[in-house]
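Residue-level structural notes
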Amino acid sequence: MTATVMDGEALAAGIKEDLAGRIAALADRGVTPGLGTVLVGDDGPSAKYVSMKHRDCAELGMSSLDRRLPADATQAEVEAVIRELNADPSVDAFIVQYPFPGGLDYDAAILGVDPAKDADGLHPVNLGRLVMGADAPLACTPHGIVHMLRAYEVPLAGRHVVIVGRGLTIGRPLANLLTLKHGANAAVTVVHTGVEDIGAFTRTADVIVAAAGSPGLITADMVRPGAAVVAAGVSFRDGKAVSDVDDGVAEVAGFLSPRIGGVGPLTRAMLLANTVAAAERSVAG
């Protein structure tokens, strides 16, 4: 068996096509959706990721504002930039790129973001609304993962999904999204690298989402034949992205997202979608 590749690039292109129509409708009303980014320090992968977000905006005719601070910026300076973006009418939504340099408090910075301008869907208010099943900007990577699985018609309702990783950006919000009836109505188990035998859980799963940031953690013997596997966790070694999912999994899984061109493009597409939705809410009043 060779897994069907779940092509995130193609799915992201479809989302962008839909967004282009919505952006054109906003332009007819004199509105250009605007995304802001705040990058602190000189982390290479973060800088590359932020640059890709601005490229996406230019491609769709959105405006973007790139705010960068040095690694020695103070907490007060970071939070001042966040207040500026909160007040800037040209910025409909923005992100504060993680990670921060040592000595800065990322959680405190996120609390300063206006929840209505939360492009990442990770503000505590919006995560709380997700738990309640209320409308809110959805966390981008979890939203992209659910979109991918649905697009490839991977059954989710009532099925067993094992999420490997309990992080704030993927594991925790994804677990909530998948269990909600309007999300996926799945049965969800969350495990992590502190669990002694992760394979005991993953071998029973219909869907595995690897999001631990541990290279090669999920191996072929941990996957039930025919299961869908989402490679969401990535680490960097010598500047190269390394997946949580071992290459051998492709010979066992029924569906597999690739390390490159899988979840990443959908995360960025959902970021754009959150920004356009914020612009639409502003127009609606």
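Remember, it's a predicted structure, so these values are computed and weren't measured experimentally.

Regarding the overall build of the chain
Helix and strand counts for the chain come out as 9 helices and 11 strands. The principal-axis extent of the C-alpha atoms belonging to the chain is close to 50 × 45 × 35 Å. Total accessible area computed for the chain in this model is approximately 12,600 Å², and 53% of it derives from carbon and sulfur atoms. The average position of the 23 basic charges and that of the 33 acidic charges among the side chains of the chain differ by 3 Å.

Section: the packing of aromatic side chains
With the rule as written, the count across this model stands at 2 aromatic pairs. Pairing Tyr98 with Tyr106 gives two aromatic rings, centres 4.9 Å apart and planes at 75°, and the pair type is edge-to-face. We classify Tyr98 as exposed; its relative accessible area is 52%. Grouping aromatic residues by their ring pairs yields a cluster made of Tyr98, Phe100 and Tyr106.

Here's the deal with the sheet that holds strand E1 (residues 4-5)
On the basis of which strands lie adjacent, the open sheet formed by 6 strands has the order E1-E11-E8-E7-E5-E6 and parallel pairing. Single-partner strands in this sheet number two, and they are E1 and strand E6 (187-191). Where strand E8 (residues 228-231) lies against strand E11 (residues 255-256), 2 bridges are found, and the strand directions are parallel. Its bridge partner being in E11, Val229 is matched across the sheet by Leu256.

Some details on the sheet that holds strand E3 (residues 63-69)
Here we have 3 strands laid out as an open sheet, ordered E3-E2-E4, and parallel in their pairing. Across the chains shown, the open sheet's two edge strands, defined by having one partner strand only, are E3 and strand E4 (93-96). Strand-to-strand twist across the sheet, computed as the mean angle between neighbouring axes with direction ignored, equals 15°. Each of strand E2 (34-40), E3 and E4 touches helix H3 (residues 75-87); the most contacted strand, E3, lies at about 165° to it.

Considerations on the nonpolar core
Within the largest apolar cluster, 48 residues are counted, with the highest numbers of intra-cluster contacts made by Ile145, Leu149 and Val209. The element contributing the most residues to this core is helix H9 (residues 263-284), with 10 residues. Beyond its immediate sequence surroundings of up to four residues, Leu149 is in contact with Met6, Val154, Leu156, Val207, Ala228 and Val230. In this structure, Ala3, Ile208, Ala231 and Val245 belong to the second largest nonpolar core, which totals 20 residues.

Here's the deal with the packing of helix H6 (residues 140-151) against H9
Packed helix pairs are characterised by how far apart their axes lie and by the angle those axes make with each other. Relative orientation of the contacting elements H6 and H9 amounts to 115°, with a least axis distance of 8 Å. In terms of orientation, H6 and H9 fall into the roughly perpendicular class. The crossing of H6 and H9 is right-handed. Here Cys140, Thr141, His143, Gly144, Ile145, His147 and Met148 of H6 come into contact with H9, specifically with Val263, Leu266, Thr267, Met270, Leu271 and Asn274.

Regarding the pairing of strand E5 (residues 160-164)
Burial analysis of E5 places 5 of its 5 residues in the buried class, which makes it a mostly covered element. Covered by surrounding structure in E5 are His160, Val162 and Val164 together with Val161 and Ile163, the residues of both alternating faces. Of the strand pairs in this sheet, E5 and E6 are connected by 5 bridges, and their pairing is parallel. Note that in E6 the partner of His160 across the bridge is Ala187. With helix H7 (residues 171-179) bridging E5 and its parallel neighbour E6, the resulting β-α-β unit is right-handed. Bridge count for E5 against strand E7 (residues 207-210) is 4 bridges, and the pairing is parallel. Bridged to Ile163 within E7 is Val209.

Rules behind the numbers
- Once a new chain begins, its residue numbering starts again from 1 and follows that chain's sequence as written.
- This being a predicted model, a pLDDT of at least 70 is required before a residue's local features are given, and a value of 80 or more before pairs of side-chain atoms are given or counted; all residues contribute to the totals for chains, interfaces and linings.
- Each side-chain value is worked out from all heavy atoms of the structure, with water and hydrogens disregarded.
- A run of DSSP states H or I qualifies as a helix once it reaches four residues; a run of E qualifies as a strand once it reaches two. Both are numbered from the N-terminal end.
- Surface exposure here means Shrake-Rupley accessible area, sampled with a 1.4 Å probe, where a residue is shielded only by the protein chains that are shown.
- When charges are counted, Lys and Arg are positive and Asp and Glu negative, with His and the chain ends excluded.
- Note on charges: their place is set at NZ of Lys, CZ of Arg, CG of Asp or CD of Glu.
- What counts as a ring pair is set by centres within 6.5 Å for rings of Phe, Tyr and Trp (its six-membered ring), and what kind of pair is set by the plane angle: stacked under 30 degrees, edge-to-face over 60, tilted for all other angles.
- Relative accessible area decides the class of each residue, using a 1.4 Å probe on protein chains only: under 20% of the type maximum gives buried, over 50% gives exposed, and in between gives partly exposed.
- Note: two strands are recorded as paired if DSSP finds a minimum of 2 bridges between them.
- As a rule, the C-alpha atoms of each element are fitted with a line to give its axis, helices using only the stretch in contact, and angles between N-to-C directions run from 0 to 180 degrees.
- What makes two residues a contact is simply this: any of their non-hydrogen atoms within 4.5 Å.
- Buried Ala, Val, Leu, Ile, Met, Phe, Trp, Tyr and Cys residues that are joined via side-chain atoms within 4.5 Å together make up what is termed a nonpolar core.
- Here is the rule for angles: anything less than 35 degrees is roughly parallel, anything more than 145 is roughly antiparallel, 65 through 115 is roughly perpendicular, and the remaining ranges are oblique.
- Crossings are sorted by hand: turned counterclockwise from the far helix by less than a right angle, the near helix makes the crossing left-handed, and turned clockwise it makes it right-handed.
- The handedness rule is simple: strands pointing away from the viewer, and a clockwise path from the first strand over the helix to the second, make the crossover right-handed.

Bear in mind that shape data such as this cannot, by itself, settle questions of function.
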